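A structural walkthrough
So you can see what is in the structure, the chains are spelled out below.
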Amino acid sequence: QVQLVESGGGLVQTGGSLRLSCVPSGRTFNLYTMGWFRQAPGKSREFVASINWSSGNTYYADSVKGRSTISRDNAKNTVYLQLNSLKREAAGVYLCAARRSASSVYEEWGQGTQVTVSS
């Protein structure tokens with residue numbers, strides 16, 4: 001099964017930007033959909049955005065629309081999450097996940113990368 005490794009997290013000031021990366025092992029096939037989730041301290045995991053690898057179609061949570069962009073680079077086999085206009089509430093561990101596009105359940109999860117938003 002695919003393994004996911006996230007990177008790009010760090011400390012950013014309120015209103016700043018950050019780009020997260022997710023590198024799956026091996027090749028990413030057309031049947032996969034990649035997603036980003038966020039787990040804030042003391043809160044449950046919530047969906048942020050997803051992208052269908054084959055079509056490039058994207059889907060965003062209402063809370064991040066206009067401020068976040070998910071994309072993929074076929075040559076680098078990498079999925080990105082661009083975070084802009086970051087607020088304190090955007091802090092947390094960002095997790096990359098993968099599922100078969102025909103499924104509604106994300107089966108594979110990365111270890112996560114920490115995003116800290118300072119004032």
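Report on the accompanying structure. Predicted model only: the values in this text are computed from it and were never measured.

1. Looking at the packing of aromatic side chains
Per the counting criterion, the structure on display carries five aromatic pairs. Taken together, a centroid distance of 5.8 Å and an interplanar angle of 35 degrees make the contact between phenylalanine 47 and tyrosine 59 tilted. Of this pair, phenylalanine 47 sits in strand E5 (residues 45–52) while tyrosine 59 sits in strand E6 (residues 58–60), and the two are twelve residues apart along the sequence. Phenylalanine 47 gets classed as partly exposed once you look at its relative accessible area, which sits at 24%. On the numbers, 6.2 Å between centres and 55 degrees between planes, the contact of tyrosine 106 with tryptophan 109 is tilted.

2. Details of the nonpolar core
Formed by 28 residues in total, the largest nonpolar core has its most connected members in Leu20, Met34, Trp36, Ile70, Val79, Leu81 and Tyr94. Ignoring sequence-local partners within four residues, the contact set of leucine 20 consists of Ser7, Gly8, Gly9, Trp36, Val79, Tyr80, Leu81, Leu83, Tyr94, Thr113 and Val115.

What counts, and where the lines are drawn
- Residues numbered from 1 in each chain as written.
- Predicted model: local features only at pLDDT ≥ 70, side-chain atom pairs only at ≥ 80, totals over all residues.
- Heavy atoms only, no water.
- Phe/Tyr/Trp six-rings, centres within 6.5 Å; stacked < 30°, edge-to-face > 60°.
- Helix = DSSP H or I, 4+ residues; strand = E, 2+ residues; numbered from the N terminus.
- Buried < 20%, exposed > 50% of the residue type's maximum accessible area, 1.4 Å probe, protein only.
- Core = buried A, V, L, I, M, F, W, Y, C linked by side-chain atoms within 4.5 Å.
- Contact = heavy atoms within 4.5 Å.

The quantities given are spatial measurements derived from coordinates; they are silent on function.
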